[in-house]
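What follows is the residue order along each chain.
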Amino acid sequence: MGKAAYGWMIMKDDNIPGTVVRTSTIPEELGRLVYLLTDKTGTLTQNEMVFKRLHLGTVSYGADTMDEIQSHVASAPAQVHSQASGNSTSSTPPRIAQSSAPKVRRSVSSRVHEAVKAIALCHNVTPVYESRTGAAGEAECAEVDQDLSDENRAYQASSPDEVALVQWTESVGLTLVNRDLTSMQLRTPNGQILTYCVLQMFPFTSESKRMGVIVRDESTAEITFYMKGADVAMSTIVQYNDWLEEECGNMAREGLRTLVVAKRALTEEQYQDFESRYTQAKLSIHDRALKVMAVVESLEREMELLCLTGVEDRLQADVRPTLEMLRNAGIKIWMLTGDKLETATCIAKSSHLVSRTQDVHIFRPVTSRGEAHLELNSFRRKHDCALVISGDSLEVCLKYYELEFVELACQCPAVVCCRCSPTQKAHIVKLLQQHAMGRTCAIGDGGNDVSMIQAADCGIGIEGKEGRQASLAADFSITQFKHLGRLLMVHGRSSYKRSAALGQFVMHRGLIISTMQAVFSSIFYFASVPLYQGFLMVGYATVYTMFPVFSLVLDQDVKPEMALLYPELYKDLAKGRSLSFKTFLIWVLISVYQGGVLMYGALLLFESEFVHVVAISFTALVLTELLMVALTVRTWHWLMAVAELLSLGCYVASLTFLNEYFELSFVLSHD
């Protein structure tokens, strides 16, 4: 009941609206956390992507030069379609006629258009129109831009990155107006509709870290394989270049999420050969996934690098003060993300996950046992230093030096693991539980964080733009990361302190009456005669003592404002001093002492009234329990006073009709 009350108080807190408690068994765990493992995208950041940069290798476009891209997109389609309308010989005169124009300008314009077109086609976004009421509008493909306005269009996708990219292509003039399972339609700045037939779709996975699509242009019958993905996955697929790695690093240091876009033109014969092999692989009974992957990888060779995109994901409100509060509370924060090392490092610094005075040790990439040993020795010599490590290096270290790495990492005030897969996130949580002495808490917002959340001692999900998978799988669900501070500092502290007091009093209440029974039996030669029976036992466990003891769920040792102002108070909770073997033994001694004194005192002081020893000792017992609760309360609540008076009133009222146990004339006598 107490834990259910804690959950109700958390959900009714106006300072953290939208918080949902999905378990009633572990609210006090929020008050004893040592390690907080958090995702980055959607957890520390808003997951609202804004397109910031397009890099073509020789030229880069930022937020202030998007109008140039718009002009390139507006001019390029006219050239492309004027050439496509005629044969190869008729396309030569316009190129000669335009020889006075600079060739670099024309080359950049076509490259920009090709890059924007690739971004507009390679995705899983679907445009949805609010005003669509029937199926008639779906058939009118050619006039969809006339019937359905841009104001009614919304984009739906599994990732906000995809939506941000498609919204950007719309802003520069190439708009996705319709999509189904077999086709996509783009609208050019001059209102022309370009129809593309979707031949194959290769969705994004956390293992491949890339996605692709094969489309056929209905006007030219050209077949093109477009692909985009993380730079680590695409660097070995695209043709040799000398700028991709450097520019990815530059964008990552600015906190941008990078995607590499590439393409490969296919002939009809090449595609037919691929389709037959792909179909055969999908029909395989044994090792189907491996065979399908091998067929797809046969296409992923020597692809033409089109562009590099940079998308910004802004930090959530009050993330910096919340992380600083948690750090001051003694909680060690581990950020587990799938982003690049440079991006993760930049976000860690900008969000104050790593304080300004702390050094950052970037764990060098290791591939063998010897390299891991040398790098661990190098890291061992550093003190009070945040660690940044990639998923591949982490895998090597855990394979050969699991215990040594965990011991060193646990000494760090903050750890950043980048390029982490969902499986690695859950594995890290389990390692901390096995080797580190402390409670773990995992917080995330997406489906890829579910395994980490469920593996932790306490899981917290954020209802974000990636759906409600994480929040539904978690023990607690919040709407913003900043609510975590109050959830831990205030409600976590209160729940733990109240549970400790409640547990001790439940134990005290049962042990003191057992001691009195033991003393009574020992005095009378261990006769098996019950001291209290019938309604006295029932009343003692319910109406006489239950309300005051249960009212301890309203007790506060520190005001919420003070708990938030001085998060250092949280450090003592992790030591578990409020409910330990020491406090258990203390309360056992108190219970035995009080039970013995009450029983012996009643027998010695009222020796002449031995017939009424039950009424005398039971009255002393009830008053002692009520007094103990009153002395334990740190902050009085009006309901606590009501509970004390109500229990006392119930006991006094029961004296009038429990004639079997209490003689009314003796109770009212003054002698």
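Scroll up to find the structure.
Residues numbered from 1 in each chain as written. Predicted model: local features only at pLDDT ≥ 70, side-chain atom pairs only at ≥ 80, totals over all residues. Heavy atoms only, no water.

Undergrad: So what's going on with the side chain of Arg 486? Which residues, and what values?
TA: Inspection of the secondary structure puts Arg 486 in helix H20 (residues 483–523). A relative accessible area of 17% means that Arg 486 is categorised as buried. Those residues within four positions of Arg 486 in sequence are excluded, and the remaining contacts are Asp 13, Asn 15, Ile 16, His 491, Pro 560 and Leu 564. (Helix = DSSP H or I, 4+ residues; strand = E, 2+ residues; numbered from the N terminus. Buried < 20%, exposed > 50% of the residue type's maximum accessible area, 1.4 Å probe, protein only. Contact = heavy atoms within 4.5 Å.)

Undergrad: Before we move on, can you summarise the packing of aromatic side chains with the specific residues and values?
TA: Enumeration according to the criterion identifies twelve aromatic pairs in this entry. Aromatic side chains Phe 274 and Tyr 278 sit 5.3 Å apart centroid to centroid with 20° between the ring planes, which places their arrangement in the stacked category. Note that Phe 274 and Tyr 278 are positioned in helix H10 (residues 268–282) at a spacing of four residues, about one turn of the helix. Grouping residues by exposure puts Phe 274 and Tyr 278 together as buried. A ring pair is formed by Tyr 544 and Tyr 651, whose centres lie 5.2 Å apart and whose planes are at 90°; its orientation type is edge-to-face. In this pair, Tyr 544 sits in the loop between helix H21 (535–541) and helix H22 (546–550) while Tyr 651 sits in helix H26 (residues 638–654), placing the two residues 107 residues apart along the sequence. (Phe/Tyr/Trp six-rings, centres within 6.5 Å; stacked < 30°, edge-to-face > 60°.)

Undergrad: Please give an account of the packing of helix H1 (residues 2–11) against H20 that cites residues and values.
TA: A pair of packed helices is captured by two measures, namely the crossing angle of their axes and the spacing between those axes. Interhelical geometry of H1 versus H20 gives an angle of 160° and a closest axis separation of 10 Å. On the basis of their axis angle, the class for H1 and H20 is roughly antiparallel. The handedness of the crossing between H1 and H20 is right-handed. Here Gly 2, Tyr 6, Met 9 and Ile 10 of H1 come into contact with H20, specifically with Leu 487, His 491, Ser 495, Arg 498, Ser 499 and Leu 502. In terms of residue class, the contact of H1 with H20 is made up of five nonpolar, four polar and one charged. (Axes fitted to C-alpha atoms, helices over the stretch in contact; angles between N-to-C directions. Parallel < 35°, antiparallel > 145°, perpendicular 65-115°, else oblique. Left-handed = near helix turned anticlockwise from the far one by under 90°. Nonpolar A, V, L, I, M, F, W, Y, C, P; charged D, E, K, R; others polar.)

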